[in-house]
Amino acid sequence: MRETIDGAVFRAMVLCAADALERSKQVVNELNVFPVPDGDTGTNMSLTMGSAAAELRKKNELSLTEAADITASALLRGARGNSGVILSLLFRGLAKSLKGKVKADARQFAAAMADGVDAAYRAVMKPTEGTILTVSRMAAKSAREFAEAGSDFELMLVCALESAKDALEKTIEQNPVLKRAGVIDAGGQGYVIILDAMLASLQGRAAAPVTPEVVTAAEESARPREKADFSSFSSAEIAYAFDTVFIVRRGGSRPLELFRIYLESIGDSVVIGEDDDSFKVHVHTNQPGFVLTEAQNYGVLEVCKIENMRFQHDTLADTARDGLETFDAQPDAGAEGVKAAPPEKKYGCVAVCAGDGMEALFRELGTDGVVKGGQTMNPSTEDILREIEGTPAETVFVFPNNKNILMAAQQCAPLSSKKVIVIPTKNVPQGVAAMLCMDPYAEEEELRAAFTEAMDKVHTVLVTYASRDSAFDGHDIKANEYLALLDGGLAGSYTDVHALLHSLSVPLLQYRPEFLTVFYGADVSPEQAGQTAEDLRGLFPGAEVNIVCGGQPVYYYMISVE
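Residues numbered from 1 in each chain as written. Predicted model: local features only at pLDDT ≥ 70, side-chain atom pairs only at ≥ 80, totals over all residues. Heavy atoms only, no water.

**Section: the packing of aromatic side chains**
Note the cut-off: The criterion for an aromatic pair is that two Phe, Tyr or Trp rings (for Trp, the six-membered ring) have centres within 6.5 Å, with stacked assigned to planes under 30 degrees apart, edge-to-face to planes over 60 apart and tilted to the rest. The way it works is that DSSP assigns letters per residue, a run of H or I at least four long becomes a helix, a run of E at least two long becomes a strand, and they are numbered from the N terminus. Note on exposure labels: buried denotes an accessible area under 20% of the residue type's maximum, exposed denotes more than 50%, and partly exposed covers the range between, all computed with a 1.4 Å probe on protein chains only.
In total, this model carries eight aromatic pairs according to the counting rule given. The interplanar angle of 70° and the centroid separation of 6.4 Å between the aromatic rings of F259 and F279 together place this pair among those described as edge-to-face. Of the two residues, F259 sits in helix 11 (residues 256–265) while F279 sits in strand 5 (residues 278–285), which places them 20 residues apart along the sequence. The class of F259 is buried, set by a relative accessible area of 0%. When the centroid spacing of 5.7 Å and the interplanar angle of 55° are considered together, the rings of Y347 and F397 count as tilted. Within this pair, whereas Y347 is found in strand 7 (residues 345–353), its partner F397 is found in strand 9 (residues 393–399), the two being separated by 50 residues in sequence. Judged by relative accessible area, which is 4%, Y347 ranks as buried. Residue F397 is classed as buried on the basis of its relative accessible area of 0%. Within the aromatic cluster, the residues linked to one another by ring pairs are F246, F259, F279 and Y298.

**Examining helix 2 (residues 41–56)**
Heads up, the rule is: Given the number of residues in a helix, its expected span is that number minus one, multiplied by 1.5 Å.
For helix 2, spanning 16 residues, the distance from its first C-alpha to its last is 23 Å, which sits close to the expected 22 Å at 1.5 Å a residue. For helix 2, the tally of buried residues reaches 13 of 16 residues, placing the bulk of the element in the interior.

**Some points on the pattern of salt bridges**
Convention followed: Between Lys or Arg on one side and Asp or Glu on the other, a salt bridge is scored when a side-chain nitrogen of the former is within 4 Å of a carboxyl oxygen of the latter.
Evaluation of the coordinates by the stated rule reveals 16 salt bridges. Residue R137 pairs with E129 through a salt bridge whose shortest N-O separation is 2.7 Å. Judged by its relative accessible area of 30%, E129 falls in the partly exposed class. Ionic pairing is found between E145 and K141, a salt bridge with its closest N-O pair at 2.7 Å. Of this pair, E145 and K141 both sit in helix 6 (residues 132–147), four residues apart, roughly one helical turn.

Put into structure tokens, the structure is as follows:
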């Protein structure tokens, strides 16, 4: 019988939990419909726990206090999404309760679990039952009840786990959104995976990944679904589109409660986790710029990540309908502690793009760093900052190539050791046109003006597809039709590309195009791209038409018109 744990045991428990979440993250993703149906809870929780694992693997000899503090600090800084921030709070409260202890017995650890739950509930402005909060609270309650009479640490965790599982099964009835989707709570499932893995570590066994069980038809009809049908939810149901997470280093004495009230007035899902010298905020809002501006009244903004959940949802809905693999976000290595490359030249460039062909093109044009990302795959500020710091130049120009990435790129300027200038390119063709003007001998202002002028001269046609029937901006759109976007505005939907090009030729003729470049995507064959180029040559006989294999997702074609 084990009666206590020390730092080494706690470290092993956390490492086991991180590994288990990594293996089971997709199972958790497929449940996620609350607070919004964006399908990334498993990935967020895995990345959050992974940040703690990365720090713990750097050190072997740790006291219990040190192990708990390192875990809590890493989780706070690495927390992703609503679920990740709440998870970091559960461990922050636990670490505070264990501070100064060389070992912890069942009673002390159960009390620490309860303190973590209290910290999470205090940080969430409007706690909702039927979530990870409920599951963790019931687990801590059971652990404390056992520890009142028993001293077996392992059995204490067994009781906590069983209560967590019971609470998880009931979440479908507690939360109307979950009931509508017919699933249990994703964050609660992630927490159960963590508890199970921590127990497995104590018992000397490997934590098994969560896999669907084989059940009879009768059993199936009476139990929750194993996957949420994201296509049954409309992105219009997401009231606040931007999932905004950031860290602020404290400055001044202004009370955070004022900031909480402000955030609640322009968003929801507000969670604020505090450390000794900084705090981390999670909020869903339609005005992330206002949020970040207000945050600077409370200290210095360090790191920010903004994602458009409507785009994420539409991608998942398409995936559910088409049976495609989902995009699996890769863990951030973390910009903190990255050594800046010493300057070897005056200027450097960093661009954001998706697709092997696009990456190769930007590198041919002289780009020093390429950040993988784009529509539905928005990189974080840390992702962009890492490439900036790795660029061996005094001044680094950044081309975000997507309006949803612009703000994350702008946050790099105060964080970087280099001078950062963001050129506000809204799409890849604008970025390519700007890079063609790169002159290493020009003055900074001349170069900035040249980039901006080249960007503004480009008109861009983006060709994608409609995920569902809808009406927008006077257009009736049918599912699976080709959608044409001209300079960001919807130009129409069409049953075939040939009709789309003919329709667009009318507004494009006013620009008197001399050059057209067709960047074709991953779902387009060279033969199809060649036919599209021939169509364009017929429609614009005086223009030079070129084809480039971009390999980009989402867009069948990106057409640059100059």
